[in-house]
Structures are given as structure tokens and as C-alpha cells.
Amino acid sequence: MSGFESFIGFNPWTALFTLLNMVLTFLILKKFLFKPVNKMIDDRQKEIDDLYAGAEQAQAEAKRIQADYDRRIAQAEQTSAELISSAKQEATRRGDEIVRQAKADADALRAKAVSDAALEKKKAVNDAKDDISKIALDIAEKVVGKELNGADHDRLIEDFLRDMGDSV
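Residues numbered from 1 in each chain as written. Predicted model: local features only at pLDDT ≥ 70, side-chain atom pairs only at ≥ 80, totals over all residues. Heavy atoms only, no water.

A. The arrangement of the overall build of the protein chain in detail. Assigned secondary structure in the protein chain consists of three helices and zero strands. Helices (α) and strands (β) of the protein chain occur, in sequence order from the N terminus, as α-α-α. When the accessible surface of the protein chain is split by element, carbon and sulfur atoms take 62% of a total near 14800 Å². (Helix = DSSP H or I, 4+ residues; strand = E, 2+ residues; numbered from the N terminus. Areas by Shrake-Rupley, 256 points an atom, 1.4 Å probe, with all protein chains shown as cover.)

Here is the structure:
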């Protein structure tokens, strides 16, 4: 068994050197491997956290811009509806004004036409009276056989017109 004991045997110096070797290896690894790796992991974690914070900030900004855009669209729609309504009212008012003006112009034109027609009728009647009075005077001169003076002429015209007015 001596071969087996030497194989499994415990040598305190070997155990101490192995322990010191392991502690020294751990310290060297800690100094040159664990600290840089932990620093790199922390830096990467900070970078990821910053990216998430930036993304959340960008998302909040996008929501704010979207809300502002929606508000402006709603205002634009309201303004356009008001403008359309105002334009319709103005067009209706203007159309009514044009119709009213056209009616007034037509009434004035009709009144002028009636007035002109009355004047023309009066002129035609006066012309007819003048013609008839001349004819009557000529007939009276031939019947009486003499020429009438101005006073007789006027009296005969008045009598004739009076008789004619009664018959009309």
C-alpha cells in the first residue's frame, strides 16, 4: 500500500505551495482580468441603460409631437369648417342682395316703362287732339264759310274736346 499512500498522501509543503499559487493566480486574475471585464460589463450596461433612456425620451417626444400634430389637424379642420360656413353665409347673403337689387332694378325699370308709356299715351292723345281740332276747324271753316279768329278757334276746340271727352 505504500504506492497507494504516496499517490494519495498529503504533503503540507505541496499543499501550502498549491494554496499560495492559487491565491497568487486569483490576485493576478482579479487585477488583470476580473476588474477590466467587470468595468467593460458595467460600461456596456450603462450604454444599454442610456439607449433605453434615449428610446423612452424619443418615444415621449414622438407622442408629444403626435399630440401636437393631432391638435393642429383638429384646429385646421375646425378653421376650414368655419371658413366654409362663413363663405356659404356670405354667398347666400350676397345672392340675396343681388336678387333684391335685381328686383329693385326691375321694379324701377317697370315703373319707368309705365311712366314712359303714360307719357307716350298722353303725347299721342294730345297729338290726336291737335290733329282732330285742326280737322274740326277746317270743317267748321268750310261749314261756316269764313275764317275764324283765335278766340273763336279756341272756343270751338274746347267745345269739341269737351264733347269728345264726354263720349270717351
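B. Representation of the pattern of salt bridges in the model. Scanning all chains against the criterion turns up eleven salt bridges. The salt bridge partner of lysine 39 is aspartate 43, with a shortest N-O separation of 3.2 Å. With a gap of four residues between them, lysine 39 and aspartate 43 both fall in helix H2 (residues 12-144), about one helical turn apart. Given the relative accessible area of 52%, lysine 39 is considered exposed. Here aspartate 68 and arginine 71 are joined by a salt bridge, their closest N and O atoms 2.3 Å apart. (Salt bridge = Lys/Arg side-chain N within 4 Å of Asp/Glu carboxyl O. Buried < 20%, exposed > 50% of the residue type's maximum accessible area, 1.4 Å probe, protein only.)

C. Structural detail: the packing of aromatic side chains. Under the definition given, this model contains two aromatic pairs. Look at tryptophan 13 and phenylalanine 17: their rings are 6.4 Å apart centre to centre, the planes differ by 35 degrees, and that puts the pair in the tilted class. In this pair, tryptophan 13 and phenylalanine 17 both sit in helix H2, four residues apart, roughly one turn of the helix. Overall, tryptophan 13 belongs to the exposed group, its relative accessible area being 58%. For phenylalanine 17, a relative accessible area of 54% corresponds to the exposed category. Pairing phenylalanine 26 with phenylalanine 34 gives two aromatic rings, centres 6.2 Å apart and planes at 55 degrees, and the pair type is tilted. (Phe/Tyr/Trp six-rings, centres within 6.5 Å; stacked < 30°, edge-to-face > 60°.)

D. Structural context of the confidence of the model for the protein chain. For the protein chain, the average pLDDT comes to 84, and 85% of its residues sit at 70 or higher. Mean pLDDT in the protein chain bottoms out at helix H1 (residues 2-8), which sits at 60, and peaks at H2, which reaches 89. (pLDDT = per-residue confidence, 0-100.)

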